[in-house]
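# Survey of secondary and tertiary structure
The chain contents come next:
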Amino acid sequence: MNILEIQNLNVTFDTEDGQLRALRDVSFNVPEHRIVGIVGESGCGKSTLINSILGLLADNGQVEKGKILFEGQNLTELNSSQLRELRGVRISTVFQDPMGALNPVISVGTQMLHIQYRSSLSKSEKLDNAAEMLRRVRIPDRESALTRYPHEFSGGMKQRIAIAMAMMMEPALLIADEPTTALDATLEVATIELLQDLQQQIGCSVLFISHHLGVIAELCDDVVVMYAGEVVERGTTRQIFYRPMHPYTERLLQCDPAGQSERTRHLPTIPGEIPDLRLRTPGCIFAARCHCREDICDSTPPEVEIEGQSARCHRLVA
Amino acid sequence: MLNYSVKRLGLAVIIVSVVMLLLFTMIYLIPGDPAAVALGPRATDAMREALRVKMGLDQPIWIQFWNFFINAWQGDLGNEVLSDRPVTDVVLEQLPFTLALIAGGMIWSIALGIPLGCWTAIQPGGIVDRIIGILSVGVIAVPSFVIAIYALLIFAVSLRWLPAIGAGDSGDIIDQIIHLILPSLAVGLGWVGYLARLVRASMLEVLEASHIRTARAFGLPERLITYRYALTIAILPTVTLLGVGIGQMLSSAVFAEIVFARPGVGKLVYDAILTRNYPLVSGAVLVTTVLFIAINLIADLVVGVLDPRVRSRL
Ligand SMILES: Nc1ncnc2c1ncn2[C@@H]1O[C@H](COP(=O)(O)OP(=O)(O)OP(=O)(O)O)[C@@H](O)[C@H]1O
Ligand SMILES: [Mg+2]
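Residues numbered from 1 in each chain as written. Chains lettered and ligands numbered in written order. Predicted model: local features only at pLDDT ≥ 70, side-chain atom pairs only at ≥ 80, totals over all residues. Heavy atoms only, no water.

## Looking at the overall build of chain B
Across its full length, chain B carries 14 helices and zero strands. Secondary structure elements of chain B, listed N to C terminal, follow the sequence α-α-α-α-α-α-α-α-α-α-α-α-α-α. Taken over the C-alpha atoms alone, chain B extends approximately 85 × 55 × 35 Å along its principal axes. Expressed as a percentage of its 314 residues, the buried residues of chain B come to 42%. Residue pairs in contact within chain B that sit at least 24 positions apart in sequence constitute 70% of those at least 6 positions apart. (Helix = DSSP H or I, 4+ residues; strand = E, 2+ residues; numbered from the N terminus. Buried < 20%, exposed > 50% of the residue type's maximum accessible area, 1.4 Å probe, protein only. Contact = heavy atoms within 4.5 Å.)

Below, the structure written as structure tokens:
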């Protein structure tokens, strides 16, 4: 069973110089109890994807077509208060910036109380819940932690508190938008392990966004590779890392610093830049930067699927 | 917190001392012999000399300053010229009226300015936002004495809703409050506009912050997000600014007190200038300066109480 099914999602932003197509025909699934990773360069539309799921797109953005099926219901058809009922309860989110993600003038305990505002428990039971969650994310001295303010914690602790808040209502889907990017390497590992533990205990699915391939390989069951607003390839982590089908995925793996076999002064990079999303041609989105580009790449590439792994590329048909 | 308060208090003492020095210099530089002014044209030279000795004017200047300084810190600002009463008594007698006026101005500006700013920030660019924006700039631009005169003409003279002059019966608190409505509006209206603009700008900034996105992602109700998560942060710059605002209200109070013929420190200074009652002028200026500094000190401490980030740094 899939917790989340994204089907042909198209999102556009109205900007001063025309319409910007931030997501184009994005489709993928998040199965129950699985961790799905999304990789892609900055600006490829990862946050836009999350915001569309949460119903928190900026005012100038709209879902043009496509479905976001969460536990069977289409989120694009819900009104804002129906979406709000899901957020924080069934779908929870951890954001990238642990420094700014928590309110600076409200104590941690009060913020955790607010998140439980829909519950009928008494205040002291809610506080017990909060303390219990802090225990599970290994915050020392929990009772006093509840009375403290976010700036009194280190970056790693703040991120763990944010995770505790997100997990408190035991959501069916946890969305993590680059939760470890702002942390140093050791904290990153600890946070990843923590997420994994909690996911096991609570039994939720996770949509994990990162541009750190090592983290994705470590944590995720499935991987979705995005480029300039499109899903260019998706498959299991094994498939993507051992048998990439799309030239962009190949390049991405080659450019991963952790994957370099020898020490080099020059990391390989993909030449060229992300295309302007306002000037969208029907051809392959990656063509301009692709090392195996041919004439046919100016026409719409087919979606090719092999053993559950799929990619959008002309090369695969040949 | 204690450490910080002590530091701020030390700074306040230094500022007050500097103001005393300036005041002293000012009085010293005013042409004319204070003794001659005090005694009038019909006094003899001997009488003037006697008074000069009594006032300490025959001493070297630094001793004069030192005496002034020590006395001022003890609350003794000399006697005023006309009735020979202690300046401090005369000023303190008038002070409550001015304090009430400024408190009223504050209440107007907070009670209207903050909700308006908050309201316009929720739907920026909308029709409500634009109308309030124009009105705010309008009331900021119009000087408070013009507002005072129009308020008087419209609400007191034409409509007769509210009394035109005076501070009300001294025993009757309701009457006093009714007499306070128009003058305090004149003093506070410009600040309603200021606060509305400031709170709007600072709300818009806070609403963009990532913790607000987090709060929305947790599905918190918009009301809770607006008033608890955003506004409590957005009003922090306002508190500091209000400290400065009170200084401006003190000067607006002079006009309001004159227009509405209210007692108060502003009216006192005005009358004292007309009668060249210099000890009274400098005494009143010193008292208002101390008041202004004290209020700013309080504003800073209030920020410390409201903002846990500042509190822990204190
Ligand atoms: N409100 C908006 N108005 C106009 N364009 C937008 C808006 N939000 C995002 N975009 C554009 O949509 C594209 C995708 O942005 P998005 O923030 O989703 O990228 P991202 O993958 O999350 O990047 P990053 O890794 O830097 O967080 C970018 O080109 C961005 O400029
Ligand atoms: Mg992003």
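## Here's the deal with the interface of chain B and chain A
Between chain B and chain A, the contact holds 21 residues from the first and 28 residues from the second. Buried area between chain B and chain A, summed over both chains or domains, comes out near 2200 Å², and the portion from carbon and sulfur atoms is 63%. Ranking the residues of chain B by area buried against chain A places Arg213(B), Ala217(B) and Phe218(B) at the top, with a combined share of 29%. Linking chain B with chain A are zero salt bridges. Along the contact surface separating chain B from chain A lie 11 residue pairs in polar contact (both at pLDDT 80 or more). Breaking the side of chain B that touches chain A down by element, the ones donating at least two residues are helix H9 (210-217), helix H10 (222-234) and helix H14 (308-313) of chain B. Among the residues forming the side of chain B that touches chain A, the class breakdown is eight nonpolar, six polar and seven charged. (Buried area = accessible area lost by both parts, 1.4 Å probe. Salt bridge = Lys/Arg side-chain N within 4 Å of Asp/Glu carboxyl O. Polar contact = N/O pair within 3.5 Å; in protein donor to acceptor, adjacent residues only side chain to side chain. Nonpolar A, V, L, I, M, F, W, Y, C, P; charged D, E, K, R; others polar.)

## Overview of the site of ligand 1
All names here are of chain A. Neighbouring residues of ligand 1: 15 residues in total, closest Ser42, Gly43, Lys46, Ser47 and Thr48. Here an oxygen atom of ligand 1 sits 2.5 Å away from a polar atom, N or O, in the side chain of Ser42. A distance of 3.3 Å separates an oxygen atom of ligand 1 from a polar side-chain atom of Glu178. Notes on ligand 1: free accessible area 640 Å², of which the protein chains cover 67%. Sorting the residues of the shell around ligand 1 by element identifies strand S1 (2-15), strand S2 (18-31) and helix H1 (46-54) as the ones contributing at least two each. (Near = heavy atom within 4 Å. Areas by Shrake-Rupley, 256 points an atom, 1.4 Å probe, with all protein chains shown as cover.)

## Points about the pairing of strand S8 (residues 205-209) of chain A
Residue and element names in this part refer to chain A. In terms of residue burial, S8 counts as a mostly covered element, since five of its five residues are buried. Across five bridges, the pairing between strand S7 (residues 173-177) and S8 is parallel. For Asp177, the partnering residue across the bridge sits in S8 and is Ile209. In this fold, the crossover linking S7 to S8 by way of helix H7 (residues 185-202) has right-handed handedness. (Pairing = 2+ DSSP bridges. Right-handed = clockwise from strand over helix to strand, strands pointing away.)

## What about the domain arrangement of chain A?
Interfaces are often described in size by the accessible area the parts lose on coming together. Residue and element names in this part refer to chain A. Domain boundaries in chain A define domain 1 (2-77 + 175-185 + 202-260 + 267-316) and domain 2 (91-170). With centres defined by C-alpha atoms, the gap from domain 1 to domain 2 works out at 31 Å. Taken residue by residue, the interface counts 14 residues in domain 1 and 13 residues in domain 2. Note on domain 1 versus domain 2: buried area summed over both sides is about 1200 Å², and carbon and sulfur give 70% of it. Looking at the side of domain 1 facing domain 2, the largest losses of area belong to Ile175, Leu183 and Ile202, adding up to 41% of the total buried there. Applying the counting criterion to the domain 1 and domain 2 interface returns zero salt bridges. Connecting domain 1 to domain 2 are five residue pairs in polar contact (both at pLDDT 80 or more). The set of elements that each furnish at least two residues to the side of domain 1 that touches domain 2 consists of H1 and S7. The residue inventory of the side of domain 1 that touches domain 2, partitioned by class, reads 11 nonpolar, one polar and two charged. (Domains from an automatic or database assignment.)

## Points about the pairing of strand S10 (residues 230-236) of chain A
Residue and element names in this part refer to chain A. The buried fraction of S10 is high, at five of seven residues. In terms of strand pairing, strand S9 (residues 222-227) meets S10 through six bridges, oriented antiparallel. Along S10, the bridge assignment pairs Met226 with Val231. Joining the antiparallel neighbours S9 and S10 is a turn of two residues, in which Ala228 adopts a positive phi near 45 degrees. Inspection of the sheet shows S10 paired to strand S12 (residues 309-312) by two bridges, in the antiparallel sense. Bridging from a neighbouring strand, Arg234 pairs with Ser310 of S12.

## Describing the sheet that holds S2(A)
Within a sheet, each strand pairs with its neighbour through backbone hydrogen bonds, oriented either parallel or antiparallel. Residue and element names in this part refer to chain A. Spatially, S2-S1-S4-S5 is the arrangement adopted by the four strands of the open sheet, whose pairing is antiparallel. Sheet topology places S2 and strand S5 (73-74) at the edges, where each strand pairs with a single neighbour. Note that S1 and strand S4 (residues 61-70) share eight bridges and pair antiparallel. Bridge pairing in S4 links Glu5 to Leu69. Of the strands in this sheet, S1, S2 and S4 are in contact with H1, which crosses S1 at around 110 degrees. (Axes fitted to C-alpha atoms, helices over the stretch in contact; angles between N-to-C directions.)

## Considering a nonpolar patch on the surface
Residues and elements named next belong to chain B. Judged by side-chain polarity, Phe145, Ile149, Tyr150, Leu153, Ile154, Val157, Leu159, Trp161 and Phe255 come together as a nonpolar surface patch covering roughly 870 Å² of accessible area. It is helix H7 (residues 144-158) that provides the largest number of residues to the nonpolar patch, a total of six residues. Within the secondary structure layout, Phe145 lies in helix H7. (Patch = residues over 30% accessible without salt bridge, like charges linked within 9 Å, V, L, I, M, F, W, Y side chains within 5 Å.)

## Section: a negative patch on the surface
A grouping of Glu125(A), Asp128(A), Asp141(A) and Glu143(A) is seen on the molecular surface, where their side chains present a negatively charged patch. Mapped onto the fold, Asp128(A) is located in helix H4 (residues 123-136). (Lys, Arg positive; Asp, Glu negative; His and termini not counted. Charge placed at Lys NZ, Arg CZ, Asp CG, Glu CD.)

## Let's talk about the nonpolar core
The biggest cluster of nonpolar side chains holds 153 residues, and the ones touching the most others in it are Leu4(A), Leu49(A), Ile53(A), Met112(A), Leu207(A) and Phe208(A). Tallying contributions element by element places helix H5 (residues 87-122) of chain B first for this core, with 10 residues. A domain-level breakdown of this core finds at least three residues from each of domain 1 (2-77 + 175-185 + 202-260 + 267-316) and domain 2 (91-170) of chain A. Excluding anything up to four places from it in sequence, Phe208(A) contacts Ile35(A), Val36(A), Gly37(A), Ile38(A), Ala176(A), Pro179(A), Ile192(A), Leu195(A), Val215(A), Ile216(A), Leu219(A) and Cys220(A). Ile147(B), Leu162(B), Ala186(B) and Phe260(B) belong to the second largest nonpolar core, which has nine residues in total. (Core = buried A, V, L, I, M, F, W, Y, C linked by side-chain atoms within 4.5 Å.)

## Considering the packing of aromatic side chains
By the definition in use, this model includes 10 aromatic pairs over all chains. An angle of 45 degrees between the planes, with centres 5.6 Å apart, marks the rings of Phe24(B) and Phe68(B) as tilted. Taken together, the residues Phe24(B) in helix H1 (residues 2-29) and Phe68(B) in helix H4 (residues 61-73) connect sequence positions 44 residues apart. Residue Phe24(B) shares its accessibility class with Phe68(B), and that shared class is buried. Through successive ring pairs, a cluster of aromatic residues spans Phe24(B), Phe65(B), Trp66(B), Phe68(B), Phe69(B) and Trp73(B). Arg213(B) extends its terminal NZ or CZ atom over the ring of Phe95(A), reaching a point 3.8 Å from the ring centre. (Phe/Tyr/Trp six-rings, centres within 6.5 Å; stacked < 30°, edge-to-face > 60°. Lys NZ or Arg CZ within 6 Å of the ring centre and 35° of its normal.)

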